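Analysis of the macromolecular model
As a plain string of letters, each chain reads:
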Amino acid sequence: MNVTIIGSGAIGMLLSYYFVEKGQTITLVVRRDEQLKQLQNEGLQITRYDQTHHNVKVKTMTFDHFMSSNALIDLAVIAVKAYDWPTVDKSLQKRMSTIKSILFLQNGMEHISYLSQYTCSEVAVGVVEHGAKRLNDFTVVHTGASAIKWGYVKYGEQKIMRTILEEIASLHFEEVSNWYEALMRKTVVNVCINPLTALFQVENGELLANEHLTTIMKHLFDEVVEVFELIDHFKVWSYVTNICERTKYNQSSMYVDLQQGRKSEIEAIVGSVQRMGKEKGINTPYLNMMFDAIKAMEWQKGVR
Ligand SMILES: NC(=O)C1=CN([C@@H]2O[C@H](COP(=O)(O)OP(=O)(O)OC[C@H]3O[C@@H](n4cnc5c(N)ncnc54)[C@H](OP(=O)(O)O)[C@@H]3O)[C@@H](O)[C@H]2O)C=CC1
Ligand SMILES: CC(C)(CO)C(=O)C(=O)O
């Protein structure tokens, strides 16, 4: 099978390693020439959750090179940030006839509106519950081991994606029948964890260790479950705290983005819930405060 992973950050590198470990033929698509050279010279390096270090050779190419090739792809995994997706999407549409299946792994809800444009035979959405940290352009640390829940938005007869993902046992791909519900639940997790950890510059576990942070997290939780009209609050709260616990040593992707002076995914995560709340006439004061606090941090760091 021919798997292409677009986006060589924390999640792209994490996935690449575990796919290569299982003997899959993968191509990792990067944006920058420097990263391409680094990966080719150093190999892809990982510190796994069990603290062992590994170095594997991965086939890499730049996005421009990828766009000019017409090799057939069984599975394309999209591992770029939500805000980079519109740019990638515009180009990728031109390669649609060469892609059999496509899996989206973005946090937040913004990418949902793009899904119906995909004409390939299989389209799926996944939610990553692992924690991963990019140390540099060729090194990733698996900081929290959990699962990747995924579900078909549409599928053909072959179910190529299922066949491929079932093999990658170390990442615990778990197929779900209701991808939208999985995405909503994961968005609850990200609304509760990401902005608070970024604002207070703490690892995920601190949200449960510091009762004042837990209180703020609970207020965010109450607003988002009301907007999503989720009724099984106890179960969803357990899901949030369980991921927080499993990724307790992780710095959330939003914390890392702001630390490194990059744009955050606040619009895709909190912004999408605020918009939905507005449409339903639901007040979301804690979400509004978090949105502006993160935007203020971006502004301070020169991200405009
Ligand atoms: N890290 C984590 O623990 C988790 C992350 N997620 C989600 O997974 C998604 C990916 O996150 P993460 O890996 O952390 O993000 P990163 O910022 O580490 O990686 C994103 C990568 O995409 C690359 N990219 C952007 N545009 C292109 C392009 N046109 N062609 C090729 N590559 C491109 C970026 O390149 P460049 O380096 O040049 O900017 C970057 O390397 C996000 O939606 C995130 O919220 C979900 C759960 C956990
Ligand atoms: C699972 C979690 C909360 C891990 O930190 C995440 O999704 C993120 O950092 O974006």
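The structure we're discussing is the one just above.
One structure accompanies this document, and this report is about it. Treat the numbers as computed from the prediction; the structure is a model and nothing was measured. Numbering of residues starts from 1 in each chain and follows the order in which that chain's sequence is written. All chains are assigned letters beginning with A, and all ligands numbers beginning with 1, in the order in which they are written. For this predicted model, a pLDDT threshold of at least 70 governs which residues receive local features, and a threshold of 80 or more governs which side-chain atom pairs are given and counted, while totals over whole chains, interfaces and linings are taken from all residues. Working from all heavy atoms in the structure, the side-chain values ignore hydrogens and water.

**Topic: the layout of surface pockets**
Residues are called lining when one of their atoms sits within 4 Å of a cavity or pocket point, these points coming from a 1 Å grid over the protein atoms alone, where a cavity is a set in which a 1.4 Å probe fits but cannot get out and a pocket is an open set with protein on both sides within 12 Å along at least five of seven lines. Grid points are joined across faces, edges and corners, and a volume is the space filled by probe spheres set on the points. Of the voids in this model, the largest pocket is the one considered here, and its volume is about 1000 Å³. In this structure, the largest pocket is lined by 49 residues; those nearest its centre are Gly9, Ala10, Ala79, Val80 and Lys81. Of all the secondary structure elements, the ones that give two or more residues to the lining of the largest pocket are helix 1 (10-21), strand 2 (25-30), helix 4 (85-92), strand 9 (131-136), helix 6 (179-200) and helix 10 (253-259). Secondary structure is summarised from DSSP: a helix means a run of H or I of at least four residues, a strand means a run of E of at least two, and numbering begins at the N terminus for each. The greatest single-element share of the lining of the largest pocket, amounting to five residues, is contributed by helix 6. Considered class by class, the residues forming the lining of the largest pocket number 19 nonpolar, 19 polar and eleven charged. These domain boundaries are the output of an automatic or database domain assignment. The residue makeup of the lining of the largest pocket includes at least three contributed by each of domain 1 (2-177) and domain 2 (182-300). Throughout, the ten residues Ala, Val, Leu, Ile, Met, Phe, Trp, Tyr, Cys and Pro are labelled nonpolar, Asp, Glu, Lys and Arg are labelled charged, and all others, Gly among them, are labelled polar.

**Quick look at the site of ligand 2**
Close to ligand 2 lie Asn107, Val128, His130, Lys186, Asn190, Asn194, Asn204, Ile243, Asn250, Ser252 and Ser253, which account for all nearby residues. Contact between ligand 2 and Asn204: an oxygen atom at 2.9 Å from a side-chain N or O atom of the residue. To measure how exposed things are, a 1.4 Å probe is used in the Shrake-Rupley method; for residues, cover is taken only from the protein chains shown. In the complex, the protein chains occlude 95% of the 280 Å² of accessible area that ligand 2 would expose alone. A pocket or cavity is taken to hold a molecule when more than half of that molecule's atoms are within 2 Å of the pocket's grid points. For ligand 2, the cavity whose grid points lie within 2 Å of the majority of its atoms is the largest pocket. Sorting elements by how many residues they give to the shell around ligand 2 places helix 6 first, with three residues. Partitioning the shell around ligand 2 into residue classes produces two nonpolar, eight polar and one charged. Residue-level mapping places the shell around ligand 2 at the junction of two domains, with at least three residues from each of domain 1 (2-177) and domain 2 (182-300). Near residues are defined by distance, with any heavy atom within 4 Å of the molecule or strand qualifying the residue. For this analysis, a polar contact is any N or O atom pair within 3.5 Å, provided that within protein one partner can donate a hydrogen and the other can accept it, and provided that sequence-adjacent residues contribute only side-chain to side-chain pairs.

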